[in-house]
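For reference, the chains in residue letters:
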2 protein chains.
Amino acid sequence: MTYRITLLPGDGIGPEITAVARAVLEHVAALEGFRIEFATCAFGGASIDEFGEPLTEATLKTCQASDAIFLGAVGGPKWDRADARPEAGLLALRKALGVYANLRPAAVHPALAGKSPLRPDLVAGTDVLIVRELTGGIYFGTRERSADSASDKCTYSRGEIERVARIAFEQARLRRGKLTSVDKANVLETSRLWRDVVTEMGARDFPDIELDHMYVDAAAMHMLRAPASFDVIVTENMFGDILSDEASMLPGSIGLLGSASLGENKPGLFEPIHGSAPDIAGQDKANPFGAIEAVAQLLESLGETAAAGRIRDAINTMHEAGEW
Amino acid sequence: MTYRITLLPGDGIGPEITAVARAVLEHVAALEGFRIEFATCAFGGASIDEFGEPLTEATLKTCQASDAIFLGAVGGPKWDRADARPEAGLLALRKALGVYANLRPAAVHPALAGKSPLRPDLVAGTDVLIVRELTGGIYFGTRERSADSASDKCTYSRGEIERVARIAFEQARLRRGKLTSVDKANVLETSRLWRDVVTEMGARDFPDIELDHMYVDAAAMHMLRAPASFDVIVTENMFGDILSDEASMLPGSIGLLGSASLGENKPGLFEPIHGSAPDIAGQDKANPFGAIEAVAQLLESLGETAAAGRIRDAINTMHEAGEW
Ligand SMILES: [Mg+2]
Ligand SMILES: [Mg+2]
């Protein structure tokens, strides 16, 4: 078996953590007996410097022809005043790939519970996966602005909700079988549709999954009161933005976390959740665990669960040895 | 000086904690030499039982004629299937009073830092006030729903933002002089207007206040990473709903917290943030600290700062003695 993986090192610490990701991929491929063909493309600020735009047509073609994409990080002060913004490349890439679900796991290893801002006794055992809808809702709604007024519209269709909920139900089936759907159905019409659709799907297609519903404000509280009680959370774009960032604090460092963006078809997009940290770039100070975690997610998406398991075991061994 | 204060005991544990609030008010009035005329009215479920509606015209008139209103709590399973809902009384009251700013303080007393879900070293010194816009935004926007689609519209006008921001700036001036305005100005048009208006007001009317801006997802993280770094936060309705509930976890019990809802004119509405807890009603188990904190806020709004200070001192003394 040969996989084509596109590497987008990007900016700041992106290249150095991408080098680690590649080394890990090569290592587990040798151990598990599959092959990887890598393609490396400039992306973000690096692509602006070289080609004048953050995502070239050639890079996009390479990405689309691959089985999975690993992204380091994009952006930095160098391009803050540029006409072309590195982050625009990321939005364009997500759109072209049609990825609509963002998966953000946040697990607290027992050896690291003392690093959490939460009390160790409370945070122990936390292993939550937030599935965030990525292409709809108020972040992509129509906007209006006059001198004295502004508006943003949040819209969801049944199809948009179903496809992301399906990924969340399937993830719950691979994990502990519990799904919490987060909305504000006591107030919002989009949330009432969200709840209706998720409830119908659960009863029809996933009767084996324990489904519950929680209001977004209650979920923001529950994340602090009983984080270990969550398994998979599914929610709309903006609620997912807020809750996944809140949850990212639980392990004590965002440097440990990866994320996957998935659509109907391959390839998915895998990246650490941290930024490009230009202030420490090139100094061998960047925490590579987030990138390595993203590699484990990438391999899971390819069905290489044994290789992903090897990586997770190695991460755990490192944490137990006091390294992170 | 004589103040007219309307008491709305409401449902569940509402009456018993309202009795405590009244006793505290009478006590500090005697100590500080002012008088209080109390009016007590049925409200919420209790009013439905007696009059068939959660807020009668007579009760509203009494409220409007008073200097401040203390509300216990409303709701309970008894009225879950009723045509008239207790919570509808609260919405109608807020609307009639024209209150548009909800003030939710969350302070962590050093003696209680061990009760917080956060590590004591991290949460120590936390004393944050969240000022939430209460009558605009997506919670009050136009809604649409078809079988396969739904939408909610978020709208803000300059005037809506100015009036709540003014209260927040003034609160910051009474506290440590720092205001953090929370928005999502990198995405939302309403947030860009929000940021423009708050920035203009700060430069023009409150140059003495240290103003900064934070995205809502970053604020949800920062609340866990460095909660003690916040003084006053001002934000729109939905962000305030989520962030104030997240912040309410920091002191370790929502039973300790009060809230104030203020408008252009008197009277303001003061209440503990907890619910009616019908399961423990009438058993003398309800934590009265939230109601007592709300009484302190009520007295501050009347300008009776010495009386409010006495209450805060007494609360602190109780916490130091291990009572809460
Ligand atoms: Mg975010
Ligand atoms: Mg709430």
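Residues numbered from 1 in each chain as written. Chains lettered and ligands numbered in written order. Predicted model: local features only at pLDDT ≥ 70, side-chain atom pairs only at ≥ 80, totals over all residues. Heavy atoms only, no water.

A.B. asks: Lay out the packing of helix 10 (residues 289-301) of chain A against helix 11 (residues 305-320) of chain A with the relevant residues and their values.
C.D. replies: Residue and element names in this part refer to chain A. In the contact formed by helix 10 and helix 11, the axes pass within 8 Å of each other and the chain directions differ by 155 degrees. Viewed along their axes, helix 10 and helix 11 adopt a mutual orientation that is roughly antiparallel. Relative to helix 11, the crossing made by helix 10 is left-handed. In this structure, helix 10 contributes Phe-289, Ile-292, Glu-293, Val-295, Ala-296, Gln-297, Leu-299 and Glu-300 to the contact, and helix 11 contributes Ala-307, Ala-308, Ile-311, Arg-312, Ile-315, Met-318 and His-319. Here the residues of the contact of helix 10 with helix 11 are counted per class, giving 10 nonpolar, two polar and three charged. (Axes fitted to C-alpha atoms, helices over the stretch in contact; angles between N-to-C directions. Helix = DSSP H or I, 4+ residues; strand = E, 2+ residues; numbered from the N terminus. Parallel < 35°, antiparallel > 145°, perpendicular 65-115°, else oblique. Left-handed = near helix turned anticlockwise from the far one by under 90°. Contact = heavy atoms within 4.5 Å. Nonpolar A, V, L, I, M, F, W, Y, C, P; charged D, E, K, R; others polar.)

A.B. asks: Describe in detail the interface of chain A and chain B, supporting the description with residues and values.
C.D. replies: On the side of chain B, 47 residues touch chain A, which itself brings 47 residues to the contact. Across the chain A/chain B interface, buried area totals approximately 4,300 Å², and carbon plus sulfur atoms make up 63% of it. Ranking the residues of chain A by area buried against chain B places A:Arg145, A:Glu189 and A:Ile242 at the top, with a combined share of 14%. Across the contact surface, chain A and chain B share eight salt bridges. Across the pair A:Asp241 and B:Lys184 runs a salt bridge whose closest N-O atoms are separated by 2.7 Å. Of all the secondary structure elements, the ones that give two or more residues to the side of chain A that touches chain B are strand 6 (143-145), strand 7 (149-157), helix 7 (189-205), helix 8 (216-225) and helix 9 (237-248) of chain A. Looking at the side of chain A that touches chain B, its residues break down into 21 nonpolar, eight polar and 18 charged. (Buried area = accessible area lost by both parts, 1.4 Å probe. Salt bridge = Lys/Arg side-chain N within 4 Å of Asp/Glu carboxyl O.)

A.B. asks: Go over empty space enclosed by the protein, please, and point to the residues and values.
C.D. replies: All names here are of chain A. Within the structure shown, the criterion is met by four cavities of 30 Å³ or more. A volume near 90 Å³ is recorded for the largest cavity. What lines the largest cavity is a set of 13 residues, and nearest its centre among them are Cys-154, Leu-188, Thr-190, Glu-236 and Phe-239. Among the secondary structure elements, those contributing two or more residues to the lining of the largest cavity are strand 7, helix 7 and helix 9. Here the lining of the largest cavity gets three residues from one element, more than from any other, and that element is helix 7. (1 Å grid on protein atoms, 1.4 Å probe; cavity = no way out; pocket = protein on both sides within 12 Å on 5 of 7 lines; lining within 4 Å. Points joined across faces, edges and corners; volume = space filled by probe spheres on them.)

A.B. asks: Describe in detail unusual backbone geometry, supporting the description with residues and values.
C.D. replies: Residue and element names in this part refer to chain A. Across the junction of Lys-266 and Pro-267, the peptide omega takes the value -5 degrees, indicating a cis bond. Examined against the element boundaries, Pro-267 turns out to sit in the loop between strand 11 (258-263) and strand 12 (268-272). With a phi close to 40 degrees, Ala-277 is a non-glycine residue in the positive phi region. By the element assignment, Ala-277 lies in the loop between strand 12 and helix 10. A relative accessible area of 25% places Ala-277 in the partly exposed class. Even without a glycine there, the phi angle at Asp-284 is positive, about 60 degrees. (Buried < 20%, exposed > 50% of the residue type's maximum accessible area, 1.4 Å probe, protein only.)

A.B. asks: Tell me about the domain arrangement of chain A, and name the residues and values.
C.D. replies: Residue and element names in this part refer to chain A. The domain architecture assigned to chain A consists of domain 1 (1-98 + 264-324) and domain 2 (100-254). On the surface where domain 1 and domain 2 come into contact, there are three residue pairs in polar contact (both at pLDDT 80 or more). Mapped by element, the contributors of at least two residues to the side of domain 1 that touches domain 2 are helix 10 and helix 11. Residue contributions to the side of domain 1 that touches domain 2 peak at three residues, all from helix 11. Among the residues forming the side of domain 1 that touches domain 2, the class breakdown is two nonpolar, six polar and four charged. (Domains from an automatic or database assignment. Polar contact = N/O pair within 3.5 Å; in protein donor to acceptor, adjacent residues only side chain to side chain.)

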